[in-house]
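# Secondary and tertiary structure notes
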Amino acid sequence: MVSGTCFEVMKPRAEKRKMLLSEQTRQRGRMSRLRRSIVDALDIAGKILGVAQFVAALTTLVCLMLYIGYEPGAMDRTVIVRLLRSSQIVFLATVAVTLLNPEARRRQTIADRMCSALVIITVVPALWMHFGGADSGLPHFFCSRRFLFVCLGIYSFAKLCTDCMRLLDRHTNPSLILSASFIIFIMAGSFVLMLPKCTVGAPLRFVDSLFMATSAVSMTGMSTIDTSATLTPLGWTVMAVLMQIGALGVLTFTSFFAIFFSGNSSLYSQIMMRDFVYSKSMNALVPVILYILAFTLSIELAGAAAIYFTLPEGFEGTWGNRAAFSAFHSLSAFCNCGFSTLPEGMATPELMNGSAWFYIVMSALILAGGIGFPNLVNFREVIAEYFRRLRARILGRPFVRNIHVYDLNTKLVLLLTAVLFVGGAAAFYFFEGSHSMAGMSTGRRIVQSVFCSATVRTAGFLTIGPQQWLGITFVIALFLMWVGFSSQSMGGGIKINAFAAVMLNLRSIVFGQKGVVVFGRSIAMRSVRRSNAVVVLSIMALFVYSCLLLILEPDFSTDALVFEAFSALTTVGISYGITPELGDAAKIVLATAMFLGRVGIISVLCGIVGNRPDISVNLPSDDIIVN
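Right, let's walk through the structure included here. Note that the coordinates shown come from a computational prediction; the quantities given were computed from them, not determined experimentally.

## Observations concerning the overall build of the chain
- Of regular secondary structure, the chain possesses 26 helices and two strands.
- Within the chain, the proportion of its 627 residues that are buried is 47%.
- For the chain, the proportion of contacts with a sequence separation of at least 24, taken over those separated by at least 6, is 70%.
- A total accessible area of about 32100 Å² is found for the chain, and carbon and sulfur atoms account for 67% of it.

Here it is in structure tokens:
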């Protein structure tokens, strides 16, 4: 009876405890559903604000361009300031929603959190001034519009780069993305160059600003205006930024910032970027991009220092002007652009009569820019391999020797670059030494021949114009312009890689070989086919563009118009001297030629047409008569 009574007493307690646990479970379930509902609502709000943030970021950058590009009294800045304040509110709302959402907060990188903190900091001066008064001790800069605009500009740029990376996540055609990205930067550059503070006197016409932006982004160097007398320091800064973006490659440039700020790119986008920057592994993607950026900036800084100390004494006046001149020309030479702030360019008498080392430094920068990023990455691997061997020998450890330290691309590029460079210099020396270079000393003839051989292949700097060349020099220069430099480099032309593949294929046909072999390696047939397509398309494009210019500008000589077409399509930038005199239609034609030369005709066609089903494997093969 006692035990039964105890059982009867304990039973209600167990049931009560069970009910209590059940109630707690239901409460936790309700809280979980509520939390899930809040997270879902925050996700929806985040997506809506994401669209608003994209619009606000574009609006911010446009407003900042207008704010900087116009004089204070030239336009009413009240509307611009209000739009920037509206963008600030959208950014703050986006940051708040992200901070409230635990899942979105976990996806943030350190850089992304820094950008969010930057937006939050923009509110601090207003609150400080409101509660602490005007004399609160806060530095004046943090209370100024400049600080607000800098913060909003950095945040907008970071978010737009992240949105660009999301385009790759949608499995968009990479060739189409490449072409579209160049067009976007060209149009943005055209818009900025038309701002009054970028030019002396009247603003540029749209056709001229479009041409100049295309020339800068495509690293061509052709110009329809007198740049030395037209562009202001702000205009030259815009040109320098466009050249740097075009040289690094729009996707390389934006992908670095996108990965840096977002850190959560998809596998597909990482694969795409790996192919664009020629990274051999996914883990090495960011290091390779960092290496490319670091190498580019290091060479440009070293080149600027070398140019500074090789300039004639008193050239460009103050040390600040000399430094600015050196920095711009180092950038222009390494990027193979060919723009110069001097009215006579590299033919300025002070430079011609000054130290020959200036032209040697410029030639070295041009060659460094034409080597190509894949080969630069291979150089890093070669150096790392030698250090591993040295370390193993010092420590007495065995090591596995890598037989193919140098890539096939690197070997071909270095060999053909040396052959074309030395051959071009020899041609200029022997054919122009007693003609356009008559009166120069032997040393200066050698230096000028070396400089002309380097610059005629893609850079566009010249001390001796094509009008002064002999006929044989003219033809040799066209050939050097057509071949150009290495693939995925700052240079133009059909590229050394494609030219080598076509010539090696020709050799294999003559020798009756089935495969294309060089340096103990067999070149993949898809590379040979693509090289043949590039060569055929370039010849067709040169023919079409030459005919278009001859139709649009019948008053100019044939050799001048054909040379302009060659220079634009190969993105060399050497002008026959008629570019500013061309009509608007001819300028637009040349602008499209520069764009196609930079992006690649075959890339544009692949982006437009897209991949089609391959039915060739299901069809019988047959021969056609070729003799």
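So much for the structure itself; the text now carries on.
## Remarks on helix α11 (residues 233-248)
- The terminal C-alpha atoms of α11 lie 23 Å apart, and with 16 residues this matches the ideal 22 Å at 1.5 Å per residue to within 8%.
- Burial runs high along α11: 12 of the 16 residues are buried.
- Gly-235, Trp-236, Val-238, Met-239, Ala-240, Leu-242, Met-243, Gln-244, Ile-245, Gly-246, Ala-247 and Leu-248 are the residues of α11 that are buried.

## Considerations on a positive patch on the surface
- A cluster of basic side chains, namely Arg-105, Arg-106, Arg-107 and Arg-113, defines a positive patch on the protein surface.
- At three residues, helix α3 (residues 102-107) tops the list of elements feeding residues into the positive patch.
- Residue position: Arg-105 is located in helix α3.

## Some thoughts on the environment of Gly-484
- Looking at the element boundaries, Gly-484 is found in the loop between α21 (471-483) and α22 (496-510).
- With a relative accessible area of 0%, Gly-484 lands in the buried category.
- A C-alpha to C-alpha distance of 6.3 Å links Gly-484 and Ile-494, two positions 10 residues apart in sequence.
- Not counting the four nearest positions on each side in its chain, Gly-484 is found in contact with Arg-457, Gly-492, Gly-493 and Ile-496.

## Focus: the packing of aromatic side chains
- Per the stated rule, a full pass over the model turns up 15 aromatic pairs.
- Judged by centre distance (5.2 Å) and plane angle (85 degrees), the rings of Phe-358 and Tyr-359 are edge-to-face. The exposure classification of Phe-358 matches that of Tyr-359, with both residues buried.
- The interplanar angle of 40 degrees and the centroid separation of 5.3 Å between the aromatic rings of Phe-474 and Phe-563 together place this pair among those described as tilted. Pair noted here: Phe-474 is in helix α21 and Phe-563 is in helix α24 (residues 558-569), with a separation of 89 residues, a long-range link.

Criteria and thresholds
- Residues numbered from 1 in each chain as written.
- Predicted model: local features only at pLDDT ≥ 70, side-chain atom pairs only at ≥ 80, totals over all residues.
- Heavy atoms only, no water.
- Helix = DSSP H or I, 4+ residues; strand = E, 2+ residues; numbered from the N terminus.
- Buried < 20%, exposed > 50% of the residue type's maximum accessible area, 1.4 Å probe, protein only.
- Contact = heavy atoms within 4.5 Å.
- Areas by Shrake-Rupley, 256 points an atom, 1.4 Å probe, with all protein chains shown as cover.
- Expected span 1.5 Å × (residues − 1).
- Patch = residues over 30% accessible without salt bridge, like charges linked within 9 Å, V, L, I, M, F, W, Y side chains within 5 Å.
- Salt bridge = Lys/Arg side-chain N within 4 Å of Asp/Glu carboxyl O.
- Lys, Arg positive; Asp, Glu negative; His and termini not counted.
- Charge placed at Lys NZ, Arg CZ, Asp CG, Glu CD.
- Phe/Tyr/Trp six-rings, centres within 6.5 Å; stacked < 30°, edge-to-face > 60°.

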